[in-house]
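Breakdown of the fold
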There are 4 protein chains.
Amino acid sequence: MSDIRRQRVPRPVREQQIIDAAIRVFARRGYHAASVDEIAELAGISKPMVYLYLDSKEGLFLACLRREAERLLTAFRAAAGPAHSPELRLRAGLLAFFTFVAEHRDSWVVLHRQSSEPSPAITAELARSRRALLAEVTGLVRADIEESDGPACPEDDAEFVTYTLVGAADSLTDWMALHPGEPPERITLRLMNMVWVGMRNVLDGEVWTTPSGTP
Amino acid sequence: MSDIRRQRVPRPVREQQIIDAAIRVFARRGYHAASVDEIAELAGISKPMVYLYLDSKEGLFLACLRREAERLLTAFRAAAGPAHSPELRLRAGLLAFFTFVAEHRDSWVVLHRQSSEPSPAITAELARSRRALLAEVTGLVRADIEESDGPACPEDDAEFVTYTLVGAADSLTDWMALHPGEPPERITLRLMNMVWVGMRNVLDGEVWTTPSGTP
Amino acid sequence: MSDIRRQRVPRPVREQQIIDAAIRVFARRGYHAASVDEIAELAGISKPMVYLYLDSKEGLFLACLRREAERLLTAFRAAAGPAHSPELRLRAGLLAFFTFVAEHRDSWVVLHRQSSEPSPAITAELARSRRALLAEVTGLVRADIEESDGPACPEDDAEFVTYTLVGAADSLTDWMALHPGEPPERITLRLMNMVWVGMRNVLDGEVWTTPSGTP
Amino acid sequence: MSDIRRQRVPRPVREQQIIDAAIRVFARRGYHAASVDEIAELAGISKPMVYLYLDSKEGLFLACLRREAERLLTAFRAAAGPAHSPELRLRAGLLAFFTFVAEHRDSWVVLHRQSSEPSPAITAELARSRRALLAEVTGLVRADIEESDGPACPEDDAEFVTYTLVGAADSLTDWMALHPGEPPERITLRLMNMVWVGMRNVLDGEVWTTPSGTP
DNA sequence: AATGAATGAGCCTTCATTCAT
DNA sequence: GATGAATGAAGGCTCATTCAT
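Going by what an unreviewed UniProt entry lists, chain A is known as TetR family transcriptional regulator and is assigned to Streptomyces auratus AGR0001.

Per the secondary structure count, chain A includes nine helices and zero strands. Relative to its 215 residues, chain A shows a buried fraction of 48%. Of the contacts formed within chain A by residues at least 6 apart in sequence, a portion of 69% connects residues at least 24 apart. Just so you have it, chain A exposes about 10300 Å², and 53% of that area is on carbon and sulfur atoms.

Looking now at the nonpolar core. Core analysis: the biggest nonpolar cluster contains 134 residues, and Phe-26 of chain A together with Phe-26 of chain B have the highest contact counts within it. Here Phe-26 of chain B is in contact with Tyr-31, Ala-34, Ile-39, Lys-57, Leu-60, Phe-61, Cys-64, Val-110 and Gln-114 of chain B, once residues within four sequence places are set aside.

Glancing now at the relation of the copies chain A and chain B. Expressed as a screw transformation, the operator carrying chain A onto chain B has a rotation angle of 179° and an axial translation of 0.0 Å, and the superposed copies differ by an RMSD of 0.2 Å. Overall, the copies show the geometry of a two-fold rotation axis. Comparing interface residues between copies, 96% of those in chain A also sit at the interface in chain B, which points to an isologous, same-surface contact.

Let us now look at the packing of aromatic side chains. Summed over the entire model, instances satisfying the criterion amount to 24 aromatic pairs over all chains. Where Trp-175 of chain C meets Phe-160 of chain D, the ring centres are 5.1 Å apart and the plane angle is 80°; that geometry is what we call edge-to-face. Of this pair, Trp-175 of chain C sits in helix H8 (residues 155-178) while Phe-160 of chain D sits in helix H8 (residues 155-178), placing the two residues on different chains. In this pair, the class of Trp-175 of chain C matches that of Phe-160 of chain D, namely buried. Ring centres of Phe-97 of chain D and Phe-98 of chain D lie 5.3 Å apart, and the angle between their planes is 70°; on these two criteria the pair is classed as edge-to-face.

All names here are of chain A. For the pair helix H1 (residues 11-29) and helix H2 (residues 36-43), interaxial distance at closest approach is 8 Å and the crossing angle is 130°. In this view, H1 runs oblique relative to H2, as classed from their interaxial angle. Viewed along their axes, H1 and H2 form a crossing whose handedness is right-handed. Contacts from Gln-17, Ile-18, Ala-21, Ala-22, Arg-24, Val-25, Phe-26 and Arg-29 of H1 reach H2 at Glu-38, Ile-39, Leu-42 and Ala-43. Of the residues assigned to the contact of H1 with H2, the class counts are eight nonpolar, one polar and three charged.

So, on to the interface of chain A and chain B. Counting from both sides, the interface comprises 51 residues of chain A and, opposite them, 49 residues of chain B. Buried area between chain A and chain B, both sides added, is near 4400 Å², and the carbon and sulfur share of it is 64%. For the pair chain A and chain B, the interface holds two salt bridges. Close ionic contact of Asp-157 of chain B with Arg-190 of chain A constitutes a salt bridge, the shortest N to O distance being 2.1 Å. Sorting the residues of the side of chain A that touches chain B by element identifies H1, helix H5 (86-103), helix H8 (155-178) and helix H9 (184-203) of chain A as the ones contributing at least two each. Counting residues per element, the side of chain A that touches chain B draws most heavily on H8 of chain A, at 15 residues. Looking at the side of chain A that touches chain B, its residues break down into 25 nonpolar, 15 polar and 11 charged.

Attention now goes to the packing of helix H5 (residues 86-103) of chain C against helix H9 (residues 184-203) of chain C. Relative orientation and spacing of two packed helices are given, respectively, by the angle between their axes and the distance between those axes. Residue and element names in this part refer to chain C. Between H5 and H9, the least distance of the axes is 9 Å, while the angle of their chain directions is 140°. Considering the angle they form, H5 stands oblique to H9. H9 is crossed by H5, and the crossing has right-handed handedness. Of the residues in H9, those touching H5 at Glu-87, Leu-90, Arg-91, Leu-94, Leu-95, Phe-98, Thr-99 and Ala-102 are Pro-184, Glu-185, Ile-187, Thr-188, Leu-189, Leu-191, Met-192, Trp-196 and Met-199.

Attention shifts here to the side chain of Arg-190 of chain C. Within the element layout of this structure, Arg-190 of chain C appears in helix H9. Note on Arg-190 of chain C: relative accessible area 9%, which makes it buried.

Attention shifts here to the relation of the copies chain C and chain D. Superposing chain C onto chain D takes a rotation of 179° combined with a translation of 0.0 Å along the rotation axis, leaving an RMSD of 0.2 Å. Most of the interface of chain C is mirrored in chain D: 98% of its interface residues are interface residues there too.

Counted according to the given criterion, the structure contains 60 salt bridges over all chains. Residue Arg-29 of chain B is joined to Glu-38 of chain B by a salt bridge in which the shortest nitrogen-to-oxygen separation is 2.9 Å. On the basis of relative accessibility, which here comes to 35%, the residue Arg-29 of chain B falls in the partly exposed class. Taking the relative accessible area as the measure of exposure, Glu-38 of chain B reaches 25% and is therefore partly exposed. Asp-37 of chain C is the partner of Lys-47 of chain C in a salt bridge, and the nearest nitrogen-oxygen pair spans 3.4 Å. On the criterion of sequence distance, the pair formed by Lys-47 of chain C in helix H3 (residues 47-54) and Asp-37 of chain C in helix H2 (residues 36-43) is long-range, its members being 10 residues apart. Lys-47 of chain C sits in the partly exposed class, given a relative accessible area of 34%. Residue Asp-37 of chain C is classed as partly exposed on the basis of its relative accessible area of 47%. Through salt bridges with shared partners, a single ionic network connects Asp-20, Arg-67, Glu-68 and Arg-71 of chain A.

Turning our eyes to something else, we now look at the interface of chain C and chain D. On the chain D side, the residues contacting the 50 residues of chain C number 49 residues. Both sides together, the interface formed by chain C and chain D hides about 4400 Å², and carbon and sulfur atoms give 65% of it. Counting the contacts that link chain C with chain D gives two salt bridges. If you look at where chain C meets chain D, you find 13 residue pairs in polar contact (both at pLDDT 80 or more). Breaking the side of chain C that touches chain D down by element, the ones donating at least two residues are helix H1 (11-33), H5, H8 and H9 of chain C.

The residues that UniProt annotates with the feature "DNA-binding region" (unreviewed entry) are residues 35-54 of chain A. Within the segment residues 35-54 of chain A, helix and strand shares are 80% and 0% respectively, and the terminal C-alpha atoms sit 14 Å apart.

Moving on: the environment of Phe-61 of chain A. Residue and element names in this part refer to chain A. Mapping Phe-61 onto the fold places it in helix H4 (residues 57-80). Residue Phe-61 is classed as buried on the basis of its relative accessible area of 0%. Between the C-alpha atoms of Phe-61 and Ile-23, which are 38 residues apart in sequence, the distance is 8.1 Å.

Here the focus is helix H5 (residues 86-103) of chain B. Its 18 residues place the ends of H5 of chain B 26 Å apart at the C-alpha level, agreeing with the 26 Å of an ideal helix rising 1.5 Å per residue. All buried positions along H5 of chain B are accounted for by Pro-86, Glu-87, Leu-90, Gly-93, Leu-94, Ala-96, Phe-97, Phe-98, Phe-100 and Val-101 of chain B.

Rules used in this analysis
Residues numbered from 1 in each chain as written. Chains lettered and ligands numbered in written order. Predicted model: local features only at pLDDT ≥ 70, side-chain atom pairs only at ≥ 80, totals over all residues. Heavy atoms only, no water. Helix = DSSP H or I, 4+ residues; strand = E, 2+ residues; numbered from the N terminus. Buried < 20%, exposed > 50% of the residue type's maximum accessible area, 1.4 Å probe, protein only. Contact = heavy atoms within 4.5 Å. Areas by Shrake-Rupley, 256 points an atom, 1.4 Å probe, with all protein chains shown as cover. Core = buried A, V, L, I, M, F, W, Y, C linked by side-chain atoms within 4.5 Å. Least-squares fit on C-alpha atoms with pLDDT ≥ 70 in both. Phe/Tyr/Trp six-rings, centres within 6.5 Å; stacked < 30°, edge-to-face > 60°. Axes fitted to C-alpha atoms, helices over the stretch in contact; angles between N-to-C directions. Parallel < 35°, antiparallel > 145°, perpendicular 65-115°, else oblique. Left-handed = near helix turned anticlockwise from the far one by under 90°. Nonpolar A, V, L, I, M, F, W, Y, C, P; charged D, E, K, R; others polar. Buried area = accessible area lost by both parts, 1.4 Å probe. Salt bridge = Lys/Arg side-chain N within 4 Å of Asp/Glu carboxyl O. Polar contact = N/O pair within 3.5 Å; in protein donor to acceptor, adjacent residues only side chain to side chain. UniProt positions renumbered as here; feature names shortened; annotations may be inferred. Expected span 1.5 Å × (residues − 1).

This is the structure in structure tokens:
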């Protein structure tokens, strides 16, 4: 602002700046209510640059989705890969997730909280990235079963557990925002505490009954 | 079209018809992308009626939020109230929740999947209804602790468990949509199976450790 | 302007007013340079009405094309139909044409002077209306041959004559604008004078040679 | 792209390349719809070069008009000049015209098919070049009269004939595009056949009458 | 109770044009 | 001689909202 001379920034850098700004605005307002004007202003450039580099509002949103999905998945895989027991791998993955969201809250909102589907391309990309994350988690869940049990776990059950886990983690994301001091490690531990035993129950096909035995 | 006499419908009925239509459209498109035109058409009336009865797009949305939040809470309370053990009350509450969502998917989407907050009034109303549901669940969670333990449960832990539970239930809502035949009872049972034991762990302040004992 | 109350005009009337204004603007500026803003202002309404009634700039242009092509063709056919000799029919048709253009210069410009092809739909509609007029003229030209000669006239020659005739008439449209007092009747007579004999020459396949016989 | 050394081309050559590209684009799209971007790309250079050499979109268009009007006029004069009888001069001029258009269709489109007048400078230049061509033709037409008759030909009549002739020739340009094999010579001959006699009629002030004598 | 007609404001997008290198 | 980076301005289109009947 104080230096009025037009900044001359190489294209790849500018593109990232624009995507950074877009993620903030898309997260705050949602896809439809977000205006390219606001994104451009936050990025410190004029609107035509956005169109020159990212093609359209849709293209811009897709670029955000792709970049952040990639980042999150990479972080998740890098964390969950090395450990040996499925239990430790899940724990590491969750920690990576909460760490990522703690640092990139807006990215997670953009990736996971788009309620409507503005265009086929966006619908597809959202589906793609969500499926990739689910697949990653399902992989860990399955690995756990196969190790401990035999082959008996039905497809459905692993999926059920995955949805439960991802939903819980997503919701804890809000809890985290309410408790800024809380380190991701503690959240991860508590979540493991809460679901680890139960996971086994479900995957083993146990049927919950009331303590008194009444169904 | 020209021959159908303009329907004369008493105001309260018309209002409900408009809200019904609005919920469908808001759920499908999201608040911003929803157009009053589409809502009026789906309700089978002209636009000025919408404004006459509900005042504005915002007023219309608020009416949707209020009516559906009320419905859901009522259903939840009615189910969770009578039973005696906290465990059974939670189970009944979850069943009521899944039953409600199975029958009113759009309502849940409107209540819980608004990614952005278009106006202070809406923000407030959303917060109010979400808080009410959370409070209901937290109540059950606390009741459980107090019965079994003593007063030792920290505020945070109950809230943590609540967020986990609500997030899981919300996410299972999607799983439910993927498995249309699945009865809400089975979903409820599996979810209880998965979280009931873990809840106790967390509320008792247990610290999860790796199987091998490494923290 | 002096009466500020919003005019309430029934839809069919407004549509014609909008098309009237559009023809003037499209003629003056060409399709691309014409702005919907200017059209709306000339029609004395706001822009959204244009879109409500005619759908888009393209739809508006198509409406202009259809209405004016219809008018011109109707006038042409009504004039050229009744007379008995082809010669008189052609004369009557040309008179109708010049009369139409004298009264609706802008329409002719819109119908015939669009240099570029902005969209497939417009290209198609322009082709359709131009072809219809050409067909009308070609019909008269052919009728003339068949009456006087035998069947020997090649397809190409009738078409050649038609293009010549139409091009001449179109260009005389400009001449007419330069000589405002000139009645359409005189223009028609002079044009008949100029082409009637030659038409026969071409249709009979005569080959022109220099007076001195040098090719 | 990165490896091709930037071409160093002397200014006059580059200018012609740019004008070549511009004519193609202006012909295809019309003045307004043509974009400087597309012209620069087709010319194989960057946009600032266009502005450096031709100053503005308007300047670019004017340069096109001037160059092509000059070319056409030169060809016309060179052809029509030498012959001795007006008849042969007209024939030679028409042949030159059709030959030019056969080879430079885009140029003729740019020169003669601009439906709107974007700026005073362009309006003036277009008028100038059209007038120059008309003057050339009118010259031939007058020469013919003066030779055969005497001074009696009214100004108007020569102009009328000129407009007819030019309009016919322009329209036959489209016919030519529809019949790619047709040599310009045949078109010229047929056009002469069609108008030569009629021209005399008009210039002599004859009044066309119906065969049966009814005016 | 109900609606056809109308609009101000805002958003996505593009284009001619310039600046700094 | 040549270009990548950047923008002011304007145009097409839509939407929430209101007026007159």
